[in-house]
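A look at the structure
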Amino acid sequence: MRLGKLRQEQFPRDERFEMSKIALGNESLVGSLTPSNKKSYKLTNRIQEGKIPLYSVVFNSIDARFFNCFVSAGGNGINLYNCLEDGGISSLHSYTDEDKEESFYTVSWACGVEGNPFVAAGGVKGIIRVLNVNDKIIHKTLVGHGDSVNEIKTHHMKPQLVLSTSKDESVRLWNVETGICILIFAGTAGHRYEVVSVDFHPHDEHRFVSCGMDTTIKIWSMKEFWTYVDKSFTWKDDPSKFPTKFVQFPVFTTSVHTNYVDCNRWFGDFILSKSVENEILLWEPQLIDNSPGEGTSDVLLRYPIPNCNLWFIKFSCDLSLNYLSIGNQKGKIYVWDLKSCPPVLVTVLSHSLSKSVIRQTAMSTNGNTIIAASEDGTIWRWDAVTK
């Protein structure tokens, strides 16, 4: 299957959920672990890729014609699939890295300026491979990180731009079309341990949030340095000669967790974040005008996730931010309703053969399909039951 030209569309801004207008006092609300069963899912397929742990799985949320396509990563392999309407999963393409010691931890969809679909993957070697899905060849190899890459995220409005987080304590902004490293976020007020997760703001193209093993969550702004982004598209010289800019000061830093923070996502102007403390938090960053780096954070909601205190388990949401899904160490998947206050657990998905750690889930754009990547090399597909 050949993927056509990608449509560049903005991640939709959610205007329905105004948590800041709910009078919560000083105490956050904790969700009940009794499933509401307001939405049911059934197991429709599973694929055993091999014995190698799978760390990442992501749906294509960039091109509406290919919303049913997803990619998985683990070991030195990347596999692209298509979800069929009958519950089946068809293989589109498999890529095996030439370095047998590579172990991919993260993968993300992206695209070139002409709309060519790309997949960017990184892992233990600290190198990011950008695969041209149409031509089935490596488009670019991005070299710069000094240690393993933990997560890659694509810009919603400019899908040629990706952020990567690393064990080297930095976040880097890349142009996957030109192979240029544009900005490096590290230094004086940067992270002091591995950076594990990152996410672009859904409607402010200049902002993103990062978190890591130093327990901090930081909000960064690229607005002041956007000329470097523009220059990366027209640069004709060697990419290594590009005047990459270091950004050492975030606009906000907080610690709402007391341990490693391994996943964070924007929810409008609020943030969902997860540590190794068996729960996901929804909180509001309150920045202080004219005081960069300062501010407060109010934890509003808590989503309990039993048996989820292992590092590097990541959650996902559907495109409209109606639902959140996350796996745990026992092979179960918890699905939460993000539009309910207090939090409502939709359902818990389990199967007698699913006993291994689920490192990451991927929710389809409408939330009706959930793909889970397991540490035992299995891909699980769950589909919503039509009532």
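Before going into details, it helps to say that this report is about the structure given with it. (Residues numbered from 1 in each chain as written. Predicted model: local features only at pLDDT ≥ 70, side-chain atom pairs only at ≥ 80, totals over all residues. Heavy atoms only, no water.)

Overview of the pattern of salt bridges
Here the structure, examined in full by the defined rule, presents 13 salt bridges. Taking the shortest distance from any N to any O, the salt bridge between aspartate 97 and arginine 129 comes out at 2.8 Å. Of this pair, aspartate 97 sits in the loop between β6 (89-96) and β7 (104-111) while arginine 129 is found in strand β9 (residues 128-132), placing the two residues 32 residues apart along the sequence. For the pair aspartate 97 and arginine 129, one class covers both residues: buried. Among the salt bridges present, the one from arginine 129 reaches glutamate 98, with a minimum N-O distance of 3.8 Å. Of this pair, arginine 129 sits in strand β9 while glutamate 98 sits in the loop between β6 and β7, and the two are 31 residues apart along the sequence. Exposure remark for arginine 129: the relative accessible area of 12% places this residue in the buried category. Through salt bridges with shared partners, one network takes in Asp97, Glu98 and Arg129. (Salt bridge = Lys/Arg side-chain N within 4 Å of Asp/Glu carboxyl O. Helix = DSSP H or I, 4+ residues; strand = E, 2+ residues; numbered from the N terminus. Buried < 20%, exposed > 50% of the residue type's maximum accessible area, 1.4 Å probe, protein only.)

Quick word on unusual backbone geometry
Across the junction of cysteine 341 and proline 342, the peptide omega takes the value 0°, indicating a cis bond. By the secondary structure assignment, proline 342 is in the loop between β26 (333-337) and β27 (344-349). With a phi close to 75°, glutamate 169 is a non-glycine residue in the positive phi region. Relative to the helices and strands, glutamate 169 is located in the loop between β12 (161-166) and β13 (171-175). Positive phi values are uncommon outside glycine, yet phenylalanine 312 reaches one of about 70°. Topologically, phenylalanine 312 is positioned in the loop between β23 (295-304) and β24 (316-317). Looking at phenylalanine 312, the relative accessible area reads 5%, which means it is buried.

Some thoughts on the side chain of serine 108
Following the sequence through the fold, serine 108 ends up in strand β7. Beyond its immediate chain neighbours, meaning those up to four positions away, serine 108 contacts Phe118, Val119, Ala120, Ile152, Lys153 and Thr154. (Contact = heavy atoms within 4.5 Å.)

Remarks on the packing of aromatic side chains
As enumerated under the stated definition, the model contains 14 aromatic pairs in all. Their ring planes at 70° and their centres at 6.4 Å tell us that tyrosine 260 and tryptophan 311 sit as a pair that is edge-to-face. Note that tyrosine 260 is positioned in the loop between β19 (252-254) and β20 (261-267) and tryptophan 311 in the loop between β23 and β24, a separation of 51 residues in sequence. A connected cluster of aromatic rings, assembled from ring pairs, spans Tyr55, Tyr105, Tyr193, Tyr260, Trp311 and Phe312. The ring of phenylalanine 315 has arginine 265 sitting right over it, with the charged end atom 5.9 Å from the ring centre. Over the aromatic face of phenylalanine 312 sits the side chain of lysine 314, whose NZ or CZ is 4.5 Å from the ring centroid. (Phe/Tyr/Trp six-rings, centres within 6.5 Å; stacked < 30°, edge-to-face > 60°. Lys NZ or Arg CZ within 6 Å of the ring centre and 35° of its normal.)

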